[in-house]
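Examining the three-dimensional arrangement
Listed here are the chains, written in short residue letters.
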There are 2 protein chains.
Amino acid sequence: MANLKKIAQKANVSVATVSNVLNNRGRVGEETKKKILRIAEDFNYAPNRMAKSLKMNKSQTIGVIVEDLSVFNAPEIIDGINSFAEDHGYSILLMNLRMKKKTGVQYPDTEICKQEAAPMFKVLLASQVEGIIYIGIHSRDVKGILPDSSIPVVYTYCDTSNPKDLSVNYNDFSAAFYATDYLIEQGIKDIGLITGFKNSESTMERLKGFKKAFKESEIEWNPEWITNGDWEFNSGYHQGLVLLQKNNKPRAILAMNDLMAGGVIKAANELGINVPGDLSVIGFDNREISQYLTPKLTTMSLPLNEIGQQSIKLLIKKIRGEKILSNKIRLNCKLVKRESV
Amino acid sequence: MANLKKIAQKANVSVATVSNVLNNRGRVGEETKKKILRIAEDFNYAPNRMAKSLKMNKSQTIGVIVEDLSVFNAPEIIDGINSFAEDHGYSILLMNLRMKKKTGVQYPDTEICKQEAAPMFKVLLASQVEGIIYIGIHSRDVKGILPDSSIPVVYTYCDTSNPKDLSVNYNDFSAAFYATDYLIEQGIKDIGLITGFKNSESTMERLKGFKKAFKESEIEWNPEWITNGDWEFNSGYHQGLVLLQKNNKPRAILAMNDLMAGGVIKAANELGINVPGDLSVIGFDNREISQYLTPKLTTMSLPLNEIGQQSIKLLIKKIRGEKILSNKIRLNCKLVKRESV
DNA sequence: TTATAAAGGTTAAACGTTTTATCAAAGTGG
DNA sequence: CCACTTTGATAAAACGTTTAACCTTTATAA
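Just so we're clear, the structure is a prediction, and the values are computed from it rather than from any experiment. (Residues numbered from 1 in each chain as written. Chains lettered and ligands numbered in written order. Predicted model: local features only at pLDDT ≥ 70, side-chain atom pairs only at ≥ 80, totals over all residues. Heavy atoms only, no water.)

Thoughts on the sheet that holds strand 8 (residues 252–255) of chain A
Working definition: the strands of a sheet are paired by backbone hydrogen bonds and lie parallel or antiparallel to each other. Residue and element names in this part refer to chain A. Taking strand neighbours across the sheet as the criterion, the 6 strands line up as 7-6-8-9-10-12 in an open arrangement whose pairing is mixed. Only two strands of the sheet have a single partner each, and these edge strands are strand 7 (226–228) and strand 12 (334–336). On average, each strand axis in the sheet is tilted by 20° relative to the strand beside it, whichever way the strands run. Relative to strand 8, strand 6 (residues 191–195) runs parallel, the two sharing 4 bridges. Within the sheet, the bridge partner assigned to leucine 193 lies in strand 8 and is leucine 254. Contacts from helix 11 (residues 258–270) reach strand 6, strand 8, strand 9 (280–285) and strand 10 (298–301), with the element oriented near 160° to strand 9. (Pairing = 2+ DSSP bridges. Helix = DSSP H or I, 4+ residues; strand = E, 2+ residues; numbered from the N terminus. Axes fitted to C-alpha atoms, helices over the stretch in contact; angles between N-to-C directions. Contact = heavy atoms within 4.5 Å.)

See the structure below:
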């Protein structure tokens, strides 16, 4: 590999001059400039980032720790991070915790993530990353999951109860509010709800949003139509069966994710209930499956890519010491209207 | 951040000694060793990778260029790469081409990938990566997509007609062969086929496998039942409709991906044809959707994780100059039997 | 006793950059 | 003709490591 020294020798000039030309600073004559640039081109020179980083004490690298890379939402977030990073000259050092495969547990608690993340954190430190983004794929309180240090951290796609932590996520509350409100706007008041895990932050926030929509419209929600799922297809199916076999059954069901919404549609099909004729269904996530259901699912899409972009934007601000208006960024979801309402 | 110098000062010892202790080489007394280790621990010392790399001329980093990170198969491959890398002390520098978003084209040709990949390649060179994995998510000939250089490259999830290139992919031919053969084994001889793009390598190879299975069983395949799709759900639906409305219709349909298989099932549902009672359906990819169809789809699962692992395994071998038995690794797919056959 | 080896260190150069201080030569104004 | 500025360049230190070469001191062998 070519380096400054070789170019300097070839050009009969000092290393400093070559460095100056290649970073166009300092005062260098036009002649020499041309010559050096040509030689660098010939040698296909690429500056040694290690040396540069060492000297400048800046690695132009940010570390990304993701709890589970192969879960549907993580790649799109990373994509967002990546595109912004690229535009700003940063590279991404990727660490995958692989929680699901490692622990066998689908929703590991904070403590176990903490243990697994520690060594990765150390690697990132050693790599002199200028900042870290932690992507927790199951929204929950990750307060202090990474050890305190002078290096800035942004928590993404998860919550943190420590107000000093920087975090970026979507807004569960408003998403559920708007989904419910949309149904009410269509003149549907008999709305059932299938939640996710009862103790998940997402579930609780969305439940609040759901109820808020009713309050705003000054109508009552029926507690009998609120039922608990576990985020899986089958729970949607079973709860759907339960809800739709009641004497007074809802005219619409809001499921807290697309999988469960799919289950509801399956249940409706089996019971001979027409969607959207007799029953409207709304999902959450805008996951791939939603566009292949029959009817195609109307669903709340999460701003995954934007979450990624905002995360790194926030991180870079922090790195540069710029003023940060709010530690906690919550982005809005968007309803994608398809055929199930 | 702590460094060798600080530790050395604190311990009243030379930098060299600290280095020796921390990498346990050289001759150092037990006393000093303990002391240095304790201080390093106290300081939460992490060796500066930049400096180390610079000196050792080894970055312990490998670059991964992926054509589209947010496509269903890429994350799992990267997951595989990552897990192997971690176990062997390598880190992953991730570059995302984002072909779809950038070019608007879903299946960009080699030339355009080449253009987009060039700057990333340069960044990776500058980062002193020891090797590169190029993940092309649409299997095709990527010969020479990255510029020639002394740094080893493995092409993953794509083909290359240059026999000198290292590549890892799954085996389209045998996958299609076994899927077809499985159907034949079940006593079904009237098998329809919905292909992907006609000019794709995958399509051609799988078509060969399909025909081979018939030859081996010494039965005839019906050319009328072979029809072209475009990998999308709708094409499966439409071709399904066509096939299933013929006077002599097939008893089984093999679709070259799960999306199209989903379309076939939808078509069957509409025509009142029972799956698997009257029609068996097999898909390809074992994508998420396959487990949520009704009936659940029997499909060929791609060894994505293993592809990732084998890629980096091969790359590391190449980096270390070890003997490489075959430049071209083709892994077998596995039939996951569910309810549609 | 003396030569040799082993144990336990240290010194200093090197990796490829950046950057400050310095310098020579040429140009400019009075 | 002198003082001063400008232009174009260089030398050398520094970033945090590794490592070969060297240097003491003490133990061992002859």
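Digging into the environment of isoleucine 191 of chain A
All names here are of chain A. With respect to the helices, strands and loops of the structure, isoleucine 191 is situated in strand 6. On the basis of relative accessibility, which here comes to 2%, the residue isoleucine 191 falls in the buried class. With 154 residues separating them in the primary sequence, isoleucine 191 and leucine 37 have C-alpha atoms 69 Å apart. Look past the residues within four positions of isoleucine 191 in its chain and what remains in contact with it is Thr180, Leu183, Ile184, Phe210, Phe214, Trp225, Pro250 and Ala252. (Buried < 20%, exposed > 50% of the residue type's maximum accessible area, 1.4 Å probe, protein only.)

Examining the interface of chain B and chain A
At the junction of the two partners, chain B supplies 47 residues and chain A supplies 47 residues. Summing the contributions of chain B and of chain A, the shared interface buries around 4,300 Å²; its carbon and sulfur component is 57%. Here chain B and chain A share 10 salt bridges between them. Where chain B touches chain A, the interface holds 22 residue pairs in polar contact (both at pLDDT 80 or more). Sort the elements by how many residues they give to the side of chain B that touches chain A and helix 5 (residues 74–87) of chain B lands first, with 7 residues. Of the residues contributing to the side of chain B that touches chain A, the split by class is 22 nonpolar, 13 polar and 12 charged. Pairing analysis gives 3 bridges linking strand 2 (residues 91–96) of chain A to strand 2 (residues 91–96) of chain B, with the strands arranged antiparallel. (Buried area = accessible area lost by both parts, 1.4 Å probe. Salt bridge = Lys/Arg side-chain N within 4 Å of Asp/Glu carboxyl O. Polar contact = N/O pair within 3.5 Å; in protein donor to acceptor, adjacent residues only side chain to side chain. Nonpolar A, V, L, I, M, F, W, Y, C, P; charged D, E, K, R; others polar.)

A look at the domain arrangement of chain A
Many descriptions give the size of an interface as the accessible area lost when the pieces come together. Here the domain parsing of chain A yields domain 1 (4–47), domain 2 (59–170 + 304–331) and domain 3 (172–301). Centre-to-centre separation of domain 1 of chain A and domain 2 of chain A, based on C-alpha positions: 39 Å. (Domains from an automatic or database assignment.)

Overview of the protein's contact with DNA strand D
Lining the immediate surroundings of DNA strand D are 25 residues, of which Thr17, Gly29 and Thr32 of chain A together with Ser19 and Tyr45 of chain B lie closest. Sugar and phosphate atoms constitute 65% of the interface atoms of DNA strand D, taking the interface as everything within 4 Å of the protein. Within the backbone of alanine 51 of chain B, an N or O atom sits 3.5 Å from a base nitrogen of DNA strand D. In the environment of DNA strand D, a phosphate oxygen lies 3.5 Å from a nitrogen or oxygen atom belonging to the side chain of lysine 52 of chain B. Those elements that provide at least two residues to the surface near DNA strand D are helix 2 (15–22) and helix 4 (49–56) of chain A together with helix 2 (15–22) and helix 4 (49–56) of chain B. (Near = heavy atom within 4 Å.)

Some words on the pairing of strand 1 (residues 61–66) of chain A
All names here are of chain A. Burial analysis of strand 1 places 6 of its 6 residues in the buried class, the great majority of the element. Here strand 1 shows no split at all, with Thr61, Gly63 and Ile65 on one side and Ile62, Val64 and Val66 on the other all buried. With 6 bridges connecting them, strand 1 and strand 2 associate as parallel partners. Residue pairing for strand 2: threonine 61 is matched across the bridge by serine 91.

Topic: the pattern of salt bridges
On inspection of all chains with the given rule, the structure shows 26 salt bridges over all chains. As a salt-bridge pair, glutamate 76 of chain A and lysine 101 of chain B come within 2.8 Å of each other at their nearest N and O atoms. Pair noted here: glutamate 76 of chain A is in helix 5 (residues 74–87) and lysine 101 of chain B is in helix 6 (residues 99–103), and the two residues belong to different chains. Its salt-bridge partner being aspartate 159 of chain A, residue lysine 328 of chain A comes within 3.6 Å of it at the nearest N-O pair. Here the residue lysine 328 of chain A occupies a position in strand 11 (residues 328–331), and aspartate 159 of chain A occupies one in the loop between strand 4 (153–156) and strand 5 (166–170), the gap between them amounting to 169 residues. Where salt bridges share partners, they join Glu76, Asp79 and Glu86 of chain A together with Arg98 and Lys101 of chain B into one cluster.

With respect to the protein's contact with DNA strand C
Around DNA strand C, the structure places 25 residues, and the nearest of them are Ser19 of chain A together with Ser14, Thr17, Gly29 and Thr32 of chain B. A share of 67% of the atoms of DNA strand C within 4 Å of the protein falls on sugar and phosphate groups. In the environment of DNA strand C, a phosphate oxygen lies 3.5 Å from a nitrogen or oxygen atom belonging to the side chain of arginine 25 of chain A. Lysine 55 of chain B places a main-chain nitrogen or oxygen 3.5 Å from a base oxygen of DNA strand C. Elements supplying a minimum of two residues to the surface near DNA strand C: helix 2 and helix 4 of chain A together with helix 2 and helix 4 of chain B.

Brief notes about the relation of the copies chain B and chain A
Screw-axis analysis of chain B against chain A gives a translation of 0.0 Å along the axis, an RMSD of 0.1 Å, and a rotation angle of 180°. Viewed as a symmetry operation, the transformation between the two copies matches a two-fold axis. (Least-squares fit on C-alpha atoms with pLDDT ≥ 70 in both.)

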